[in-house]
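Coordinate inspection notes
Okay, here's what each chain looks like letter by letter:
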Amino acid sequence: MSEAATRPSAHTGALLASLDPLLRGWLPRQRWFAGKGRPVTDFQLVSATELLPTRAEPGLLHLLVRVRQPLLAGPDTTLDHELPADCYQLLVGVRAELPPRLAPALIGHVADGPLAGRTVYEALGDPRLAALLLERLRIPGRLGALRFARAEHAEIPPGLAPRTLGAEQSNSSLVYGDTYILKLFRRVVPGVNPDLELPLALARQGCARVPAPAAWLTAEGADEPLVLGVLQPYVRGATDGWELALRALAKGEDFAAEARALGRATAEVHAALAAALPTVSLGRAQVELLAQGMTDRLEAAARAVPALRPYEPALRTAYQALADLGTGGATAWTAQRVHGDLHLGQCLRAPSGDWQLIDFEGEPARPLGERRLPQPAARDVAGMLRSFDYAARSCRPWAPDWAEACRAAYCTGYAEVSGRDPRTEPVLLRAHETDKAVYEAVYEARHRPDWLPVPLAALDQLAADAAAPSRDPDTACRPDDFR
Ligand SMILES: Nc1ncnc2c1ncn2[C@@H]1O[C@H](COP(=O)(O)OP(=O)(O)O)[C@@H](O)[C@H]1O
Ligand SMILES: O=P(O)(O)O[C@H]1O[C@H](CO)[C@@H](O[C@H]2O[C@H](CO)[C@@H](O)[C@H](O)[C@H]2O)[C@H](O)[C@H]1O
């Protein structure tokens, strides 16, 4: 943040001092808090902006707070000031008394300072305050450290009624009149956020597969701004691919036609991204680096998730095979900007049957710089192939044939648009699928331990395939033995 924004005025400094004890306890309990399970050792104000004066009824305070947490649970010799800090965006409502309908949003009652005797609460559930956010976005301009911007041709009507999305999210979203959706990022990092960058680039390219940003909110940063929120058209009546896949499985229905349409949609988005943003040829050194990155992630994952350790030696051979292809100089691969965390839940099917792709943030745990690097398009393809496997393994009995049909149809659809069938590069695809399943194992171990057997079953299979590489990765399935 700039000096001016970092150094709060005496008034905002006093505000945070009075809120500090309440927010310190409340923040780590939120669904979107990324540092769960680690104590908060330092909590600081980065910026405070009154969107509505806090003496008003209701008042609205926009806060950016910096949180430090030890890297690992247990004894840690790292000094507090050396720990990486995470910055979170909070919107805090202020009232004399909370009406019963807002009771679930309570943060607490302020004991002293400028807000003594007032009640503070999570503002997004208050329609009056949520409406104000859209009103600000309709009219571009600055307020304190905040900047509200609007796409040139966007027409945002006034008075759209807000509602919270209520989904289990890494961030928080508000839907306005079923016309727009505002995604407010919770953990924010300085720099270009791909969830704004890529949809804007795709819109410039005329790609209709991704909702085009209509307005956005940023904060000044010391070097680069922080992207705080993006407003996009709401795909009315849409159902996500995960939900549709599970419904099909429950009814014993085929999903291959949808999978093929998803393959086509992915290839269209990839073509538009490759046209809009730089691409790179992957020479020998780059392929080796790609394989090394995967190996490093596997090693780190095996340290964090002991259940991965038995598979580690075999999985390494999938990455070695990739490195060997690079060394042999026999590849003509390119890297380009990709979605980065593509799975069925990121695909929305409109009532018209059209598929749209959302959430271009990439894997949120990865550093921003890494998420913005060009990568083989196989990375997204592998994400979707894994997702069909996830869906098939989450129902009983396990439906390997269903998954196989979807995986094949997805690749066919992708090839129809791109002219390149991902199955013709089995070493590249298998390495990416392995890398994704390793990521999933860490994700599940941290967030949903009950689901850990799903990626582990896939890794068991991928490890067996790596030992017998002549098998086709799309037909390499066998009955699961974990349930
Ligand atoms: N443009 C949109 N139209 C309709 N629903 C959307 C749109 N964008 C997001 N959603 C809904 O919001 C949910 C969360 O959005 P997402 O961008 O994935 O947030 P997060 O990164 O916090 O998970 C999605 O699963 C989807 O149900
Ligand atoms: O929150 P995000 O949507 O950005 O993604 C994270 O959470 C996903 C789970 O909600 C996780 O996806 C994994 O589980 C899905 C089923 O719930 C499955 O379809 C995906 O294939 C599987 O990777 C995703 O990995 C994680 O980044």
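Note that the structure is predicted; figures quoted are calculated from it, not measured.

**Looking at the packing of helix α12 (residues 426-447) against helix α13 (residues 453-467)**
- Closest axis-to-axis distance for the α12/α13 pair is 9 Å, and the angle between their directions is 150°. Regarding the angle of α12 to α13, the classification is roughly antiparallel. The two elements α12 and α13 cross, and the hand of that crossing is left-handed. Here α12 contributes R430, E433, T434, A437, V438, E440, A441 and E444 to the contact with α13, which in turn contributes P455, L459, L462 and D465.
- For the contact of α12 with α13, the residue count by class is six nonpolar, one polar and five charged.

**Regarding the domain arrangement of the protein**
- Structurally, the protein comprises domain 1 (1-30 + 39-72 + 83-123), domain 2 (126-234) and domain 3 (239-481).
- Here domain 1 and domain 2 have C-alpha centroids that lie 21 Å from each other.
- A buried area of about 2,000 Å², summed over both sides, lies between domain 1 and domain 2, and 60% of it is on carbon and sulfur atoms.
- Counting across the interface, domain 1 meets domain 2 through three salt bridges.
- Ionic pairing is found between R187 and D86, a salt bridge with its closest N-O pair at 3.4 Å.
- Taken together, domain 1 and domain 2 are joined by 11 residue pairs in polar contact (both at pLDDT 80 or more).
- Contributions of two or more residues to the side of domain 1 that touches domain 2 are made by β1 (42-52), β2 (59-68), β3 (85-95) and β5 (119-122).
- Here the side of domain 1 that touches domain 2 takes eight residues from β3, the largest share from any one element.
- Split into classes, the residues belonging to the side of domain 1 that touches domain 2 amount to 14 nonpolar, seven polar and six charged.

**Things to note about the nonpolar core**
- In this structure, F255, F388, W402 and Y410 are the most contacted members of the largest nonpolar core, which totals 44 residues.
- Those elements that provide at least two residues to this core are α4 (194-204), α5 (241-250), α6 (256-276), β18 (355-357), α10 (378-393) and α11 (400-418).
- In terms of residue count, α6 provides more of this core than any other element does, eight residues in total.
- Counting contributing residues, this core receives three or more from each of domain 2 (126-234) and domain 3 (239-481).
- Ranked by size, the runner-up nonpolar core spans 43 residues in total, among them L124, A219, V227 and L231.

Rules used in this analysis
- Sequence order as written defines the numbering, with residues in each chain counted from 1.
- Lettering for chains starts from A, numbering for ligands starts from 1, and both go in the order in which the items are written.
- Residues qualify for local features only when their pLDDT is at least 70, as the model is predicted, and side-chain atom pairs are given and counted only at 80 or more; totals for whole chains, interfaces and linings, by contrast, use all residues.
- Computation of side-chain values: all heavy atoms of the structure, hydrogens and water removed.
- Here, axes are lines fitted to C-alpha atoms. For helices the fit covers the stretch in contact, and angles between N-to-C directions go from 0 to 180 degrees.
- Runs of E in the DSSP output that reach at least two residues are strands. Runs of H or I that reach at least four are helices, and both are numbered from the N terminus.
- Throughout, the term roughly parallel applies to angles under 35 degrees, roughly antiparallel to angles over 145, roughly perpendicular to angles from 65 to 115, and oblique to all others.
- Left-handed describes a crossing whose near helix is turned anticlockwise from the far helix through less than a right angle; right-handed describes the clockwise counterpart.
- Note on contacts: a residue pair qualifies if any of its non-hydrogen atoms lie within 4.5 Å across the two residues.
- Put simply, Ala, Val, Leu, Ile, Met, Phe, Trp, Tyr, Cys and Pro go in the nonpolar bin, Asp, Glu, Lys and Arg in the charged bin, and everything else, Gly too, in the polar bin.
- Either an automatic procedure or a domain database provided the assignment from which the domain bounds are taken.
- Two parts placed together each lose some accessible area under a 1.4 Å probe, and the buried area is that loss summed for both.
- Take a side-chain nitrogen of Lys or Arg and a carboxyl oxygen of Asp or Glu: if they are within 4 Å of each other, that pair is a salt bridge.
- Polar contacts, as used here, are pairs of N or O atoms within 3.5 Å; protein pairs need one atom able to donate a hydrogen and one able to accept it. Residues neighboring in sequence count only if both atoms are side-chain atoms.
- Nonpolar cores were defined as sets of buried Ala, Val, Leu, Ile, Met, Phe, Trp, Tyr and Cys residues, with membership established by side-chain atoms within 4.5 Å.
- To sort residues, take the accessible area from a 1.4 Å probe on protein chains only and compare it with the maximum for the residue type: under 20% means buried, over 50% means exposed, and anything in between is partly exposed.

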